[in-house]
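Breakdown of the fold
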Amino acid sequence: MPERKPLLALLVLIPVGVLYFSMYKIWPGLELQPQDFKAVTVQPLTPEPPTPRLLRISRGESEVRQVVFAKVHKAASTTVQNILLRFSVFRALNILLSKRQHQIGERTDLIQGIVPHPEGNNKTFDILCVHLIFNASNVAKFFSDSAIRIAILREPLKQTVSALAYYSKNFPSKILKRGRAKHPQDPINGFLRHPEDFYDFGQGPAFSYVNNRMSVDLGFDLRNFETGKTNVSKIEAFIRQVEEQFDLVLISDYFDESMVLMRRYLNWAMKDIIYIKRNAAHFPKDSVWHRDINRNATVMERFRTWNLIDYKLYEHFEPKFLDTIKQEQLFKEEV
């Protein structure tokens, strides 16, 4: 019966339209509800003897909107950064940004040349998620002490090899070009055997991405750096410092688990942590960056000595992270 076709079309299109509108309303970031803009109250931290900040977090009912994220090189930190930026944009939060470039400073812990706070110089920002060498005192000038402080780490061999490949391709420096020239067929194993070929001792660790860069990013003392790498008590003091300064240390090797844990501590919605990987390296299968790593004991011990601060840091926080998620209820189901 031809006259029924328009009615049949309407019966089909109306549910489809309703479904589309419903998805628009619930899909992450597409539309916010009035309750999304309620004020957040986070109790100030009570001054007390140094205690890991993580143990002092009190999970409230409101989502946390003040977050300091220490963006560590080649540890999935750009993916986390994009999550934080999206969260910030849809809530009109104030992000600490540089006037001129995508990072505040990879060489220094000074915070300068930033976009002014729209409400005046004496106001604190909500979100930090760009590269800088972390200095708690400098950060405290721009953020409330109640802002949740988060860091991220990656298994040191994976992190360093990723940095070596990424910065050789994307931002090749003279020193990396020199190392590649010495080991053109197998730069990764060449680096593991002779890391000094890829490093400029005159410039120092702040100008390198392959010498304990995670610890550099988190504020290890750069003075007499090579001597500091052999000073176990200095490394242990640095680890205690990181533990005292950060509420949560995520592990990018367990990225989904890290995002779920972060979501729970910040009291965010699941839609807030949906992500797409960013700045992940992609090389052809026949690339020199796909050569198998020589993992014999001598090579690995040499690399561990070179990257000792990062190893000690990771080996301290990785088991703590795993222990934390074990204590979380229904955690595997949520992941």
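Located above this text is the structure these notes cover.
Here is a short report on the structure shown in this document. (Residues numbered from 1 in each chain as written. Predicted model: local features only at pLDDT ≥ 70, side-chain atom pairs only at ≥ 80, totals over all residues. Heavy atoms only, no water.)

1. Focus on the overall build of the protein chain
Under the convention used in this document: Helix and strand definitions follow DSSP, with helices as H or I runs of at least four residues and strands as E runs of at least two, each counted in order from the N terminus. Each residue's exposure class comes from its accessible area (1.4 Å probe, protein chains only) as a fraction of the maximum for that residue type: buried when under 20%, exposed when over 50%, partly exposed otherwise. Note on contacts: a residue pair qualifies if any of its non-hydrogen atoms lie within 4.5 Å across the two residues. We get accessible surface area from the Shrake-Rupley algorithm with a probe of 1.4 Å; when it comes to residues, only the shown protein chains can shield them.
Each helix and strand counted, the protein chain has 13 helices and four strands in total. Among the 335 residues that make up the protein chain, the fraction classed as buried is 47%. Sequence separation of 24 or more characterises 73% of the internal contacts of the protein chain that already satisfy a separation of 6 or more. When the accessible area of the protein chain is evaluated, it comes to approximately 18200 Å², of which 55% is carbon and sulfur surface.

2. Notes on the packing of helix α4 (residues 156–169) against helix α12 (residues 308–326)
Counted only if it meets this: To get an axis, a line is fitted to the C-alpha atoms, and for a helix only the part in contact is used. The angle between two axes follows their N-to-C directions and goes from 0 to 180 degrees. Just so you know how the angles are binned, under 35 degrees is roughly parallel, over 145 roughly antiparallel, 65 to 115 roughly perpendicular, and the rest oblique. In this classification, the charged set is Asp, Glu, Lys and Arg, the nonpolar set is Ala, Val, Leu, Ile, Met, Phe, Trp, Tyr, Cys and Pro, and all remaining amino acids, among them Gly, are polar.
Running from N to C, α4 and α12 point in directions that differ by 130 degrees, and their axes come no closer than 9 Å. Classified by the angle between their axes, α4 and α12 sit oblique to one another. Of the residues in α12, those in contact with P156, L157 and Q159 of α4 are D310, Y311 and Y314. In terms of residue class, the contact of α4 with α12 is made up of four nonpolar, one polar and one charged.

3. Topic: the environment of N138
Tracing the chain through its elements places N138 in helix α3 (residues 136–140). Sequence-distant contacts of N138, that is, excluding residues within four places in its chain, are made with D109, L110 and I111.

4. Quick notes on the sheet that holds strand β3 (residues 148–153)
The criterion, for reference: Should DSSP find at least two bridges between two strands, the strands are regarded as paired.
Strand order in the open sheet formed by four strands is β2-β1-β3-β4, and the pairing between neighbours is parallel. In the strand order of this sheet, the two ends are held by β2 (127–128) and β4 (248–251), each with one partner. As paired elements, strand β1 (residues 67–69) and β2 share two bridges and run parallel to each other. From the neighbouring strand, V68 faces β2, where its bridge partner is L128. Contacting β3 and β4, α12 crosses the sheet at an angle of about 95 degrees to β4.

5. Focus: helix α10 (residues 255–266)
Put simply, the rule reads: The span one expects for a helix is its residue count, reduced by one, times 1.5 Å.
If you check α10, its first and last C-alpha atoms are 16 Å apart, about what 12 residues at 1.5 Å a residue would give, namely 16 Å. Counting buried residues in α10 gives 10 out of 12 residues, a clear majority hidden from the surface. Every buried residue belonging to α10 is among F255, S258, M259, V260, L261, M262, R263, R264, Y265 and L266, and all of these are buried. Where α10 is buried, its residues contact β1, α2 (77–89), β3, β4, α12 and α13 (331–334). Immediately beyond the C-terminal end of α10, within one or two residues, lies N267, with a positive phi of roughly 60 degrees.

6. Some words on the nonpolar core
Our working definition: We define the nonpolar core as a collection of buried residues of types Ala, Val, Leu, Ile, Met, Phe, Trp, Tyr and Cys that are connected through side-chain atoms lying within 4.5 Å of one another.
Ranked by size, the top nonpolar core spans 66 residues in total, and within it L96, L128, I150, L153, L218, M262 and W268 carry the most contacts. Excluding residues that lie within four positions of it along the chain, L153 makes contacts with A75, M214, L218, V249, L250, I251, S252, D253, L313, Y314 and F317. Counting residues in hydrophobic clusters, the runner-up holds 24 residues, among them L157, Y166, I175 and Y311.

7. Section: the pattern of salt bridges
Short version of the rule: We define a salt bridge as a contact between a side-chain nitrogen of Lys or Arg and a carboxyl oxygen of Asp or Glu at a distance within 4 Å.
Inspection of the entire model under this criterion finds 15 salt bridges. Between R304 and E315 there is a salt bridge, and its shortest N-O distance comes to 2.7 Å. Taken together, the residues R304 in helix α11 (residues 297–306) and E315 in helix α12 connect sequence positions 11 residues apart. Three or more residues are tied together by salt bridges with common partners; here these are E63, R65, R91 and D272.

8. Regarding α4
It helps to recall that an α-helix has 3.6 residues per turn; residues three or four apart then point in one direction. With 14 residues, α4 extends 20 Å from end C-alpha to end C-alpha; this agrees with the ideal 20 Å at 1.5 Å per step. Here α4 lies mainly inside the structure; 12 of its 14 residues are buried. Packed against the buried residues of α4 are α5 (174–182), α6 (187–193), α7 (213–217), α11 and α12.

9. Looking at the pairing of β4
Residues L248 and L250 point to one face of β4 and V249 and I251 to the other, with burial holding for every one of them. Of the pairings in the sheet, the one linking β3 to β4 comprises four bridges and is parallel in character. Bridged to I150 within β4 is L248.

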